[in-house]
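# Fold and geometry: a report
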Amino acid sequence: MKQKSIYILIALFLAASIFASGFNYGQKNETPDFGQIPEQLRTVDVLIDNGSTISSYKANSIGVMNVLGALRLVTSENKLIFDYDGPEKSAYGAFVKQIGGEVNGDGQKYWQYWVGGVQPLIAADKYELKGGEVILWTFRKSAM
């Protein structure tokens, strides 16, 4: 019985040690130094082509995880009208309805986006950013 108690105590001690050492595994208590991240990876370029002019904006990509977040940031910072249906309205994701004065359906045109010259086939809230991307929003007739 005494030997069994010793094994239980050793097992409990080992379990507590493993838990304590693994509790902070991979976590650092220091604040990340964003100054160490190259400028081109800390921002994304957002271009908005409304059909008559193209406006260029920079968005801080740190904390902005997707294309929709970058658009929300630049429209908010530049006081542009912005409207969209959130991902809760569609299984496909968010749907941008208006940027500035251009509203989907006007002249059979709709807001579409490209990243690095490629039109992704996923909603803007599902396209994850790494930093350094060029995002182009255009208001035009759909090619599809």
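Structure first, text after, so check above.
Residues numbered from 1 in each chain as written. Predicted model: local features only at pLDDT ≥ 70, side-chain atom pairs only at ≥ 80, totals over all residues. Heavy atoms only, no water.

## Quick look at the overall build of the protein
Using the following cut-off: Numbering goes from the N terminus for both helices and strands, where a helix is a DSSP run of H or I of at least four residues and a strand is a run of E of at least two. Think of it in three bands: residues with accessible area under 20% of the maximum for their type are buried, residues over 50% are exposed, and the middle band is partly exposed, with areas taken using a 1.4 Å probe on protein chains only. Accessible surface is estimated by sampling points in the Shrake-Rupley manner with a 1.4 Å probe; for residues, cover comes only from the protein chains shown.
When helices and strands are counted, the protein shows three helices and seven strands. Mapped in sequence order, the helices and strands of the protein form the string α-α-β-β-α-β-β-β-β-β. The buried share among the 144 residues of the protein stands at 28%. In the form shown here, the protein has an accessible surface area of approximately 10,000 Å², with 58% of it arising from carbon and sulfur atoms.

## Section: the pattern of salt bridges
Just so we agree on the cut-off: We count a salt bridge whenever a side-chain nitrogen from Lys or Arg sits within 4 Å of a carboxyl oxygen from Asp or Glu.
Under the defined criterion, the tally for this structure stands at four salt bridges. The residue Lys58 makes a salt bridge to Asp45 at a minimum N-O spacing of 2.7 Å. Highlighted residues: Lys58 in strand β2 (residues 54-60) and Asp45 in strand β1 (residues 43-49), separated in sequence by 13 residues. Classification of Lys58 by relative accessible area gives exposed; the value is 51%. Given the relative accessible area of 22%, Asp45 is considered partly exposed. Between Lys97 and Asp83 there is a salt bridge, with its nearest N and O atoms 3.6 Å apart.

## Examining the sheet that holds β2
Inclusion rule: Two strands pair under a simple rule: DSSP has to find at least two bridges between them. Here the axes come from fitting lines to C-alpha atoms, over the contacting stretch only for helices, and the angles between their N-to-C directions go from 0 to 180 degrees.
Across the sheet, four strands lie side by side as β2-β1-β7-β6; this open sheet has mixed pairing. Only two strands of the sheet have a single neighbouring strand rather than two, namely β2 and β6 (110-115). For this sheet the average axis-to-axis angle between neighbouring strands, irrespective of direction, equals 20°. Pairing geometry for β1 and strand β7 (residues 134-140), over five bridges, is parallel.

## Digging into the nonpolar core
Note on soluble globular proteins: their nonpolar side chains tend to be buried together. To be explicit about the condition: Only buried residues count toward a nonpolar core. Its members are Ala, Val, Leu, Ile, Met, Phe, Trp, Tyr and Cys residues joined through side-chain atoms within 4.5 Å.
If you look at the biggest cluster of nonpolar residues, it comprises 22 residues, and the most contacted ones within it are Val46, Ile48, Val67, Ala70, Ile135 and Trp137. For this core, the secondary-structure elements that each account for two or more residues are β1, β2, α3 (67-77), β4 (95-99), β6 and β7. The element best represented in this core is α3, accounting for five residues.

## Thoughts on the sheet that holds β4
What counts is decided by this rule: Working rule for contacts: check all heavy atoms of both residues, and any pair within 4.5 Å makes them a contact.
Here three strands make up an open sheet; going across it, the order is β3-β4-β5 and the pairing antiparallel. Of all strands in the sheet, those bounded by a partner on one side alone are β3 (82-85) and β5 (102-103). Looking at chain direction, β4 and β5 are connected through two bridges and run antiparallel. From the neighbouring strand, Ile99 faces β5, where its bridge partner is Glu102. Relative to β3, α3 is tilted by about 155°, and along the sheet it contacts β3 and β4.

Geometric descriptors of this kind do not, in isolation, establish any biological role.
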